[in-house]
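# Geometric and topological summary
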Amino acid sequence: AAAIDLMVRVIAEEREEICDKWYLRPVLIYYFFSKNMNKGIEKLEELKPIIKNRILAQAKLDGQFFESILDTGLAVAALENMGYHEDIPAKSIQYLLAAQNSNGAWKKGAIYYAHASPDKSAASGGEEISTAVVLEALVRYQSHERSRHVESTSF
């Protein structure tokens, strides 16, 4: 219960970027929180529209969210986790698909930072993390699209 109360306060007080000493970007917090929301924790339901709007406010014309490919994957996955499949811009899916490297991976993105680096210069991440997040987002998006297609063609 205390952890859930803390999550609610972080969003209500707009402290996403400073609530953790390692994960210093809002999109990471949205993604982590959305994983819990997907489990049906009733008290977190009130956060869903707030986080959705904060994510969508970061959409760029080319489909990117926030600052990177990894951020876009995190944002898409968070929207999916919260049940906002219909709000995911098709351009964001195309952006992710177009960004895949010839080796099948996606470009390394920063996932966490050394606490001694408040300027975010000591970032860590890897192609493996970016690829896993982007694949999660794309597979869940594709699964939803398939189920929607099946529902529309069922008798």
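Notes on the structure in this doc start here. (Residues numbered from 1 in each chain as written. Predicted model: local features only at pLDDT ≥ 70, side-chain atom pairs only at ≥ 80, totals over all residues. Heavy atoms only, no water.)

Now for helix α3 (residues 48-56). Among the residues of α3, Lys48, Ile51, Lys52 and Ile55 are the ones counted as buried. Around the axis of α3, the buried residues are gathered within 105° of arc, so they sit on the same side. The inward-facing, buried residues of α3 contact α1 (2-12), α2 (26-37) and α4 (69-81). (Buried < 20%, exposed > 50% of the residue type's maximum accessible area, 1.4 Å probe, protein only. Helix = DSSP H or I, 4+ residues; strand = E, 2+ residues; numbered from the N terminus. Arc of directions from axis to C-beta. Contact = heavy atoms within 4.5 Å.)

Our next topic: the pattern of salt bridges. Counted according to the given criterion, the structure contains eight salt bridges. Where Arg54 meets Glu14, a salt bridge forms, and the shortest distance between an N and an O atom there is 3.8 Å. Of this pair, Arg54 sits in helix α3 while Glu14 sits in the loop between α1 and α2, and the two are 40 residues apart along the sequence. Glu14 sits in the exposed class, given a relative accessible area of 58%. Taking the shortest distance from any N to any O, the salt bridge between Lys35 and Glu136 comes out at 3.0 Å. With Lys35 in helix α2 and Glu136 in helix α6 (residues 127-153), this residue pair connects regions lying 101 residues apart in the sequence. On the accessibility criterion, Lys35 (34% relative accessible area) is partly exposed. Exposure remark for Glu136: the relative accessible area of 18% places this residue in the buried category. One network of salt bridges, in which partners are shared, links Glu14, Glu16 and Arg54. (Salt bridge = Lys/Arg side-chain N within 4 Å of Asp/Glu carboxyl O.)

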